[in-house]
Amino acid sequence: MSRTEPVFEVIHPGMLTTVQDLGRRGYQKYGLAVSGAADAHAHRMANLLLGNPVDAATLEVTLMGLKVRVLKPAVIAITGGDLDPRLNGQPLLMWSTVPVHPGDVIHFSGCKSGCRAYLAVSGGIDVPVVLGSRSTDLLGGIGGVAGRKLEKGDLLFAGPARVPADKVLRRRLHPDWVPQYPRQVEVRVVLGPQEDAFTPDGIATFLSSEYTVSTTSDRMGLRLMGPTVGHKHGADILSEGLFMGAVQVPQNGQPIVFLVGRQSVGGYTKIAGVITVDMPWLAQLKPGDTIRFRQVTVAEAHRLLREYERFFAAIKVWGSSHLSA
């Protein structure tokens, strides 16, 4: 598909829609966010269904509202949260490849479960690569479409497809592998790096309490509301790098879990880090949803990550015979 021929025209941008891949690596030391898809699992699966590289850019759709007109024949896949996607007003099958044609309208009409959906197209969304990534960094104002969320009238292009359309049509992820997104989740954490800054009661409170996602949450992080996590002597530390899933507890004792859009450094104590395989659950939480934390060891976190990557690699190797209905 030629770069001069757009595949989508934005009719309505929705609440927040951005172009994302798997992130901008190696630039946190310069103050830039990693960014990328908040739910990397759903993003990767959408690309896998289409035969794209797993880091091909997709559209990350938040909660509701995105409406695009199809301008060129294409094959798409939608994964992640169920935002009631529709094709010309009819329900659109998720976790499956779907052919679309000029004049078709794709609309995410409302949130049924989860928070973020991923719209992928064969060849990937084609925007300029900035510092090694196509991801939109809203804080830095780079990547994606002019470093911003989508706006009405934006034209979106697709890169050349790696796999012919007839080879990916009717692919569908096995129902047993389609994640569900409950409004109450438990995620596993490894304590540290400053768990010694908290009282024993503070750590016990953190690991035994339920926290509610605040309305001030965004791609940078989940601000939580619940029982206060007590410090021994205060929350301030020398500023240091913030990692994905870091659970920071400022002076008010209310945890903040940092996501893909986080700033590069922070100066408050971090009680724990959410393990990598559980990060997609956080990406699908919205205000009012609740979260609990359960401690695991570093060895267990590594084992779970190896297990997940073996699962994902197996799906890639098995190919369409195991992705088809």
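All residue numbers refer to position in the chain's written sequence, counted from 1. Confidence filtering applies because this is a predicted model: local features only for residues at pLDDT of at least 70, side-chain atom pairs given and counted only at 80 or more, and all residues used for totals across whole chains, interfaces and linings. Excluded from the side-chain calculations are hydrogens and water; all other atoms, namely the structure's heavy atoms, are used.

Novice: Looking at this structure, I do not really get the overall build of the chain. What am I missing?
Specialist: Along the backbone of the chain there are six helices and 20 strands. A globule of 325 residues ought to have a C-alpha radius of gyration of about 20 Å, and the chain, at 20 Å, matches this closely. In terms of principal-axis extent, the alpha carbons of the chain reach across some 60 × 40 × 35 Å. For the chain, the proportion of its 325 residues judged to be buried stands at 53%. Throughout, a residue-residue contact means that at least one pair of heavy atoms, one from each residue, lies within 4.5 Å. Pairs at least 24 residues apart make up 75% of the contacts formed inside the chain by residues separated by at least 6 positions. Accessibility throughout is a Shrake-Rupley quantity obtained with a 1.4 Å probe, and a residue counts as covered only by protein chains that appear here. Summing over all exposed atoms, the chain offers an accessible surface of approximately 13900 Å²; the carbon and sulfur share of this is 55%. A gap of 4 Å separates the mean positions of the 34 positive and 28 negative side-chain charges of the chain. Only runs of H or I of at least four residues qualify as helices and only runs of E of at least two qualify as strands under DSSP, and these elements are numbered from the N terminus. Throughout, the radius of gyration refers to the C-alpha atoms, and the reference size of a globule is 2.2 Å times the residue count to the power 0.38. Remark: exposure states derive from per-residue accessible area (1.4 Å probe, protein chains only) relative to the maximum for the residue type, with buried under 20%, exposed over 50%, and partly exposed in between. For the purpose of charge, His is not counted, nor are the chain termini; Lys and Arg are scored as positive and Asp and Glu as negative. Charge placement uses NZ in Lys and CZ in Arg. For Asp and Glu, CG and CD serve respectively.

Novice: Explanation requested: the pattern of salt bridges in the structure shown.
Specialist: When the charged atoms of two side chains lie near each other, side chains of opposite charge can form a pair. Just to be clear on terms, a salt bridge is a Lys or Arg side-chain nitrogen sitting within 4 Å of an Asp or Glu carboxyl oxygen. Tallying each qualifying case throughout the model produces 17 salt bridges. Here Glu309 ties to Arg44 by a salt bridge, and the two come within 3.2 Å at their closest N and O atoms. One end of the pair, Glu309, is in helix 5 (residues 298-318); the other, Arg44, is in helix 1 (residues 40-50), with 265 residues separating them in the sequence. Relative accessible area serves as the criterion here: at 32%, Glu309 is assigned to the partly exposed category. Among the salt bridges present, the one from Arg183 reaches Asp289, with a minimum N-O distance of 2.5 Å. Linking Arg183 in the loop between helix 2 (165-168) and strand 12 (184-191) with Asp289 in the loop between helix 4 (279-283) and strand 20 (290-295), this pair joins segments that are 106 residues apart in sequence. The partly exposed category is assigned to Arg183, whose relative accessible area is 42%. Among the charged side chains, a salt-bridge network with shared partners connects Glu60, Arg116 and Arg219.

Novice: Please explain unusual backbone geometry as it appears in this structure.
Specialist: The omega angle of the peptide bond from Gly192 to Pro193 is 10 degrees, so this bond is cis rather than trans. Looking at the secondary structure, you find Pro193 in the loop between strand 12 and helix 3 (200-208). Although it is not a glycine, Ser35 sits at a positive phi angle of roughly 60 degrees. Mapping Ser35 onto the fold places it in the loop between strand 2 (16-20) and helix 1. Even without being glycine, Asp84 reaches a positive phi, approximately 55 degrees. Tracing the sequence through the fold places Asp84 in the loop between strand 5 (74-82) and strand 6 (85-87).

Novice: Got a minute to help me understand the nonpolar core in this structure?
Specialist: Soluble globular proteins tend to bury their nonpolar side chains together. Among buried residues, those of type Ala, Val, Leu, Ile, Met, Phe, Trp, Tyr and Cys that are joined through side-chain atoms within 4.5 Å constitute a nonpolar core. Membership of the largest hydrophobic core comes to 51 residues, with the highest contact counts inside it found for Phe8, Ile76, Ile78, Ile106, Phe108 and Leu119. Of the residues forming this core, the biggest block, five residues, is contributed by helix 5. The residues touching Ile76, leaving out its near neighbours within four places in the chain, are Phe8, Leu50, Leu92, Ser96, Thr97, Val98, Val100, Ile106, Leu119, Ala120 and Val121. Phe206, Leu224, Leu282 and Ile291 belong to the second-largest nonpolar core, a separate cluster that totals 24 residues.

Novice: Would you explain the sheet that holds strand 17 (residues 256-258) in this entry?
Specialist: Backbone hydrogen bonds hold the strands of a sheet together, and the pairing may be parallel or antiparallel. Pairing is mixed in the closed barrel, where seven strands are placed in the order 12-19-16-17-14-13-20. Averaged over all adjacent pairs, the angle separating strand axes in this sheet is 40 degrees, with direction ignored. Note on pairing: DSSP must find at least two bridges between two strands before they are called paired. Relative to strand 14 (residues 221-225), strand 13 (residues 211-213) runs antiparallel, the two sharing two bridges. Following the sheet pairing, Thr212 is matched in strand 14 by Met225. Between the N-to-C directions of two axes lies an angle of 0 to 180 degrees, each axis being a line fitted to C-alpha atoms and, for a helix, fitted only over the stretch in contact. The strands touched by helix 3 are strand 12, strand 13, strand 16 (246-248), strand 19 (270-274) and strand 20; relative to strand 20, the strand with the most contacts, the crossing angle is about 120 degrees.

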